[in-house]
Structures are given as C-alpha cells and as structure tokens.
Amino acid sequence: MSKLKKKSELEPGAIPFKSSKEYETGDWGITYPKIDYNKCTKCTLCHFFCPEGAINVREDGYTEVDYRYCKGCGICSHECPVKCIEMIVKK
Amino acid sequence: MSELTLKNLSKKPDLICPGARLCSGCDETIIVRLVLKATRGPTIVTNATGCLEVATTSFPYTAWDLPWIHSAFENTAATASGIEAAIKAMKKRKEGPLSNFENIDVLAFAGDGGTYDIGFQALSGAIERGHDFTYILLDNEAYMNTGIQRSGATPFSASTTTSPAGKIFLGKTENKKPLDEIIIAHALPYFATINAAWPLDVIKKTRKGIDINGPTFLHAIVPCSRGWRFPPEKTIEISRLAVQTCIFPLYEVNNYKGKTTYELSSPSLSIAKRPETKKTVEEYLKQQGRFSHLFKPEINKEYLKQIQETVDLKWSILLDKCGI
Ligand code: SF4
Ligand code: SF4
C-alpha cells in the first residue's frame, strides 16, 4: 500500500489519490477465464473487449489474464472468435 | 504510435487502470479504454457525474492515469471549454504549467443523463463557441448510477424504475430524444456514432475527433447489464445487435465550410447494401429484461410493429442523408 501525498506536496486544488491498481477486484467474480493456448490465434480481441483491462498482450503475442483484477464477467469467453476461453467456476 | 491497427494498439498501455468499481461486464470502461487508446499525446479528461465518475474515483483511489477533472452533471462541456481556454491563455502568455506543451487534447466524458438532460445547455453553448474538445457520450439509456430512472435517452417502452411496465403503461411512453440530429444541427466539424463491438472503428473515429480542430462529438451506445437486464457476458453481443437491427446505426457526419456530409460506417453500410441481412428489432429487444413485458405473458405484436416501423423510418431517413 502506498502512502497518500500530503496536501502541501501538491499543486493548489489537487486532491491526493492513489492508483486503483491497489484495489484488486479479482475476488468479485464467481467464475474465471482460462485460455486454451493450443487454439488461441493471437487475434487480441479479448484484450480490447475486457472491461477491466485485465487481459494483457505478452511479448509472444498471446494474451494473458491478470487474475488480480478479472471480475469474471465472461465477455472474453463469449466473444473469442475461436471459443478458446473457458469460464471455470471458482472452488 | 504509428499506424492505427489492433496489433499496434494492443501494445499501447491503458490510460485507465484496472481496479475501478464499475459492475462486472460494464461497457463504459470498454469504450473508455478504446477512446484512450486513440490519444496522440498529453491529454486532459473531464468527466460528468455518473457511473463512470463515481466508480473510477472512489476515494482514495483513482483509475485515471492522466489528468482528470470532475464536473457536476450540468457542466462537463463548460469544464472542457475552460480547460481549452486555459491552455490557450497560458500558451499565449508563455507562462504557466501548460504553456510548454506543443499540443494538449481535451476529452469530455458524460452519460446520457449528463448530456440529453442536465448537461445539454452547457454542451450546446460549448459547441456553438467552437472550443477544441472531443465529447464522448456514454449512452446507457437511463440514470443507472442512481437506480435506473428514465432519461431523455430511454427508448420507447423500456421499463425503468420511474417508467415501470404495468397494466396501463408498458414502460416509457415517450420516444428517445433525437439528440444526434440536434447536435448535428449545430454544424460542428465532426460527429460520429461508436460501438464497442467494433473496437478499431471506435479508435479511428476518436482519433479523427481529436485531430480535427473544434468541437467534435462521439455518441457511444453502452449496454448496461443491470439496467437493461441481461447477463454481463452479453454486453458486446447486445451492443452489436443494436447496429445489426439498425436501432443504432454507425455513421459519421463531417461539416466542412458549411457543407454537411453523412457517411455510413462499414458495419451499417454492409446492411444498406444487403438489406436482407438487417435483423428485426425483436432479436434485440427479447434479450433484454427491460422489454420483457413485450414478450410475456404473450407477444405484444402491436408494440413490436410500432417499434419496428419507427426504426425503419429513421433508417430510411439516414440512408437518404447518406445518399444511398
Ligand atoms: S480472443 Fe481468443 S483467439 Fe483471440 S487472442 Fe483472445 S483468446 Fe486468443
Ligand atoms: S472475464 Fe471479464 S473481466 Fe475477466 S478477463 Fe474476461 S473480460 Fe476481463
């Protein structure tokens, strides 16, 4: 956890905030997506459709889910053109 | 950023971070992520009160990785005008924190409540004065953040908490306000409709809006799983259906030296060329709980016919304007 800046350290009118990256929403969902890399075509659509920005594109072009933030909405799985993302119920 | 392709853009880091508290499957952050992928350099954002604003800035967290100014419902466009005027003034005087940047772009985000209803006057004024900013309307067709109350953007017969479907009235009794026509009547340089189901189209139109000098307006349809009543994974599917049924056609309007030209974007153009691919409104409506009273206990043919006729008429008028 980062510390909030003091008012005196900021420009006039600014409010101290920290990045929402520190607020992990990964425990919201009851399901989580699992990508089958044997079928994935690296189209990157799931990266653009994820509302959380929780799907990153790796150096090798494959996409990867950041489970710290995934809310389990299922959009990536529903929209993947080759249907290679499975939604799995959390235990 | 070189060429605007999905491959290049997938490597551009998001300017809105994860950790925001919008509902699971919310279309708003999909649009915002796409819009911010289109930025070309230093950018300042202003945001009206609404779902996006409360959920991305719950104290002490912010999801915005760029300067962001909160506005009330009424004054997003006025704030955007002020930001642009401040940038200009600092540059002219060659002093102040913003004077050293060659170019700073201004984006304004607001929902339908903050655009169709409460923020309309400020918006009309800002467009008329010709400020250089891009306004993005996130239209989820009701006041979702405060509990699904009807707005000027709510379509005919949609059930909301203030236009509930009952025995006498079947949802909202009025039509959606023709905001697009009203905005276009301001003869602003650029207007476009956008839809998250076509990510590259959103990004390209946004870049056009940013590149053009003067006020530009982007109208995004934003399906809301809570308010429209559908499972969250269907957000993009329903968004796509809005275009496939011609309820929300994708098009651009340019105004150059007083001449207004309309142009259909490719997803809608292909329907214009092959009308048999146009889907019926029923396919869009039946997926959403807010219209379930049109299907249960029996199908309300009269209402469906009326809605279909309105959509067909608006579509044919648009085709005329596009010269098709
Ligand atoms: S949408 Fe499917 S095929 Fe495309 S990158 Fe994602 S997982 Fe791979
Ligand atoms: S389930 Fe939803 S939040 Fe999770 S990675 Fe897929 S699109 Fe993103």
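Scroll up to find the structure.
Each residue is numbered by its place in its chain's sequence as written, counting from 1. Think of it this way: whatever chain is written first is A, whatever ligand is written first is 1, and the rest follow in order. The predicted origin of the model limits local features to residues at a pLDDT of at least 70 and limits the giving and counting of side-chain atom pairs to 80 or more, whereas totals for whole chains, interfaces and linings rest on all residues. Heavy atoms throughout the structure, all of them, feed into the side-chain values; hydrogens and water do not.

Q: What is the right way to read the overall build of chain A from this model?
A: Regarding its fold elements, chain A presents two helices and five strands. Counting from the N terminus, the helices are DSSP H or I runs at least four residues long and the strands are E runs at least two residues long. When its helices and strands are written in sequence order, chain A yields β-β-α-β-β-α-β. Using C-alpha atoms as the atom set, the radius of gyration is obtained and then compared with a globule rule of 2.2 Å times the number of residues to the power 0.38. Against the 2.2 N^0.38 benchmark of 12 Å for 91 residues, chain A shows a C-alpha radius of gyration of 17 Å, more extended than a compact globule. Taking the principal axes of its C-alpha atoms as reference, chain A extends roughly 55 × 30 × 20 Å. Classification of residues uses two cut-offs on accessible area relative to the type maximum, computed with a 1.4 Å probe and protein chains only: under 20% is buried, over 50% is exposed, and between them is partly exposed. Taken across its 91 residues, chain A has 42% of its residues classed as buried. Residue contacts follow a heavy-atom distance rule, with two residues in contact if any of their heavy atoms lie within 4.5 Å. Summarising the internal contacts of chain A: among those between residues at least 6 apart in sequence, 57% fall at separations of at least 24. Put simply, chain A shows about 5,500 Å² of open surface, and 53% of that area lies on carbon and sulfur atoms. Looking at chain A, you have 15 positive and 13 negative side-chain charges, and the mean spots of the two groups are 3 Å apart. Computed by Shrake-Rupley with a 1.4 Å probe, the accessible areas treat only the displayed protein chains as cover when residues are assessed. The convention is simple: Lys and Arg are positive, Asp and Glu are negative, and His and the chain ends are not counted. Each charge is placed at NZ for Lys, CZ for Arg, CG for Asp and CD for Glu.

Q: Honestly, the site of ligand 1 in this entry has me stumped. Any pointers?
A: Note on terminology: near, applied to a residue and a molecule or strand, indicates that one of the residue's heavy atoms is within 4 Å of it. For ligand 1, the set of nearby residues contains 13 residues, the closest of which are Cys 40, Cys 43, Thr 44, Cys 46 and Cys 80 of chain A. Three classes are used: nonpolar for Ala, Val, Leu, Ile, Met, Phe, Trp, Tyr, Cys and Pro, charged for Asp, Glu, Lys and Arg, and polar for all others, with Gly counted as polar. Its residues assigned to classes, the shell around ligand 1 shows nine nonpolar, three polar and one charged.

Q: Help me understand the interface of chain A and chain B, please; the structure alone is not making it clear to me.
A: Interface extent is often summarised as the accessible area lost during association of the parts. If you look at the interface, chain A gives 31 residues, while chain B gives 37 residues. With both chains or domains summed, chain A and chain B bury close to 2,900 Å², and 62% of this area falls on carbon and sulfur atoms. Here a salt bridge means any side-chain nitrogen of Lys or Arg lying within 4 Å of a carboxyl oxygen belonging to Asp or Glu. Viewed at the interface, chain B and chain A are joined by one salt bridge. Sorting the residues of the side of chain A that touches chain B by element identifies strand 1 (18-19), helix 1 (45-49) and helix 2 (75-79) of chain A as the ones contributing at least two each. Per-element tally for the side of chain A that touches chain B: the top contributor is helix 1 of chain A, with four residues. Summed over both partners, buried area is the accessible surface (1.4 Å probe) that two parts give up on being assembled.

Q: Sorry if this is basic, but what is going on with empty space enclosed by the protein here?
A: Left-over empty space is what a probe sized like a water molecule reveals as it rolls over the atoms. All names here are of chain B. Cavity: a set of points on a 1 Å grid over the protein atoms alone where a 1.4 Å probe fits but cannot get out. Pocket: an open set with protein on both sides within 12 Å along at least five of seven lines, its lining residues, like those of a cavity, having an atom within 4 Å of a point. Grid points are joined across faces, edges and corners, and a volume is the space filled by probe spheres set on the points. Tallied over the full model, the rule gives five cavities of 30 Å³ or more. The computed volume of the largest cavity comes to approximately 180 Å³. Looking at the largest cavity, it is lined by 22 residues, and the ones nearest its centre are Thr 49, Gly 50, Cys 51, Phe 73 and Gly 111. The set of elements that each furnish at least two residues to the lining of the largest cavity consists of helix 3 (51-56), strand 4 (105-111) and helix 5 (113-117). Counted by class, the lining of the largest cavity contains 10 nonpolar, nine polar and three charged residues.

Q: Even after reading the chapter, I still don't get the environment of Ala 78 of chain B, so can you show me in this structure?
A: Inspection of the secondary structure puts Ala 78 of chain B in helix 4 (residues 76-93). On the basis of relative accessibility, which here comes to 37%, the residue Ala 78 of chain B falls in the partly exposed class.

Q: Just checking my understanding: could you explain the site of ligand 2 for this structure?
A: Taken together, 13 residues lie near ligand 2, and Cys 50, Cys 70, Cys 73, Gly 74 and Cys 76 of chain A sit nearest. For the shell around ligand 2, the per-class residue count stands at nine nonpolar, two polar and two charged.

Q: What exactly am I supposed to notice about the nonpolar core here?
A: Taken as a class, soluble globular proteins show a tendency for nonpolar side chains to be buried jointly. Residues and elements named next belong to chain B. In this structure, Tyr 135, Phe 217 and Leu 285 are the most contacted members of the largest nonpolar core, which totals 63 residues. Among the elements that make up this core, the one with the highest residue count is helix 13 (residues 301-321) (seven residues). For Leu 285, the residues in contact, after removing those within four places along its chain, are Phe 291, Leu 294, Phe 295, Leu 304 and Ile 307. Counting 39 residues, the second largest nonpolar core, distinct from the first, contains Ile 16, Leu 34, Ile 136 and Ile 194. Nonpolar core, defined: a set of buried Ala, Val, Leu, Ile, Met, Phe, Trp, Tyr and Cys residues in which side-chain atoms within 4.5 Å join the residues together.

Q: Would you mind showing me how to read the packing of aromatic side chains here?
A: Each pair of aromatic rings is reported with the distance of its centres and the angle of its planes. Ring pairs shown here join Phe, Tyr and Trp side chains whose ring centres sit within 6.5 Å, with only the six-membered ring taken for Trp; geometry is labelled stacked below 30 degrees between planes, edge-to-face above 60, and tilted in between. Inspection of the entire model under this criterion finds 14 aromatic pairs over all chains. Here the aromatic rings of Tyr 37 of chain A and Tyr 62 of chain A are separated by 5.5 Å at their centres, their planes lie at 85 degrees, and the arrangement is edge-to-face. Taken as a pair, Tyr 37 of chain A in the loop between strand 2 (31-35) and helix 1 and Tyr 62 of chain A in the loop between strand 3 (55-57) and strand 4 (63-65) lie far apart in primary sequence, 25 residues in all. Tyr 37 of chain A sits in the partly exposed class, given a relative accessible area of 31%. For the pair Trp 228 of chain B and Phe 230 of chain B, a centre-to-centre distance of 6.5 Å together with 75 degrees between the ring planes defines the contact as edge-to-face. On the basis of relative accessibility, which here comes to 0%, the residue Trp 228 of chain B falls in the buried class. When its relative accessible area of 5% is taken as the criterion, Phe 230 of chain B is described as buried. Among the aromatic residues, those joined into a ring-pair cluster are Tyr 135, Phe 191, Phe 217, Tyr 251 and Tyr 262 of chain B. Criterion for a charge above a ring: Arg CZ or Lys NZ at most 6 Å from the ring centre, at most 35 degrees from the ring normal. The side chain of Arg 58 of chain A reaches across the aromatic face of Tyr 37 of chain A, ending 5.1 Å from its centre.

Q: Would you explain the pattern of salt bridges in this entry?
A: Side chains that differ in sign of charge can pair as their charged atoms come close. Within this structure, the stated rule accounts for 19 salt bridges over all chains. Here Arg 58 of chain A and Glu 64 of chain A are joined by a salt bridge, their closest N and O atoms 3.4 Å apart. Owing to a relative accessible area of 29%, Arg 58 of chain A belongs among the partly exposed residues under this scheme. The shortest N-O distance in the salt bridge between Lys 88 of chain B and Glu 84 of chain B comes to 3.6 Å. With Lys 88 of chain B and Glu 84 of chain B both in helix 4 and four residues apart, the pair spans about one turn of that helix. A single salt-bridge network, built from bridges that share partners, covers Asp 139, Glu 141, Lys 176 and Arg 290 of chain B.

Q: How should the packing of helix 4 of chain B against helix 6 (residues 120-129) of chain B be read in this particular structure?
A: Relative orientation and spacing of two packed helices are given, respectively, by the angle between their axes and the distance between those axes. Residues and elements named next belong to chain B. Viewed as axis vectors pointing N to C, helix 4 and helix 6 meet at an angle of 35 degrees, and their least axial separation amounts to 7 Å. Counted together, Ala 77, Ala 78 and Ser 81 of helix 4 and Ala 122, Leu 123, Ala 126 and Arg 129 of helix 6 form the full contact between these two elements. Residues belonging to the contact of helix 4 with helix 6 are distributed by class as follows: five nonpolar, one polar and one charged. Axis definition: a line fitted to C-alpha atoms, limited for helices to the stretch in contact. Angles are taken between N-to-C directions and run from 0 to 180 degrees.

Honestly, it's all geometry; don't read function into it.
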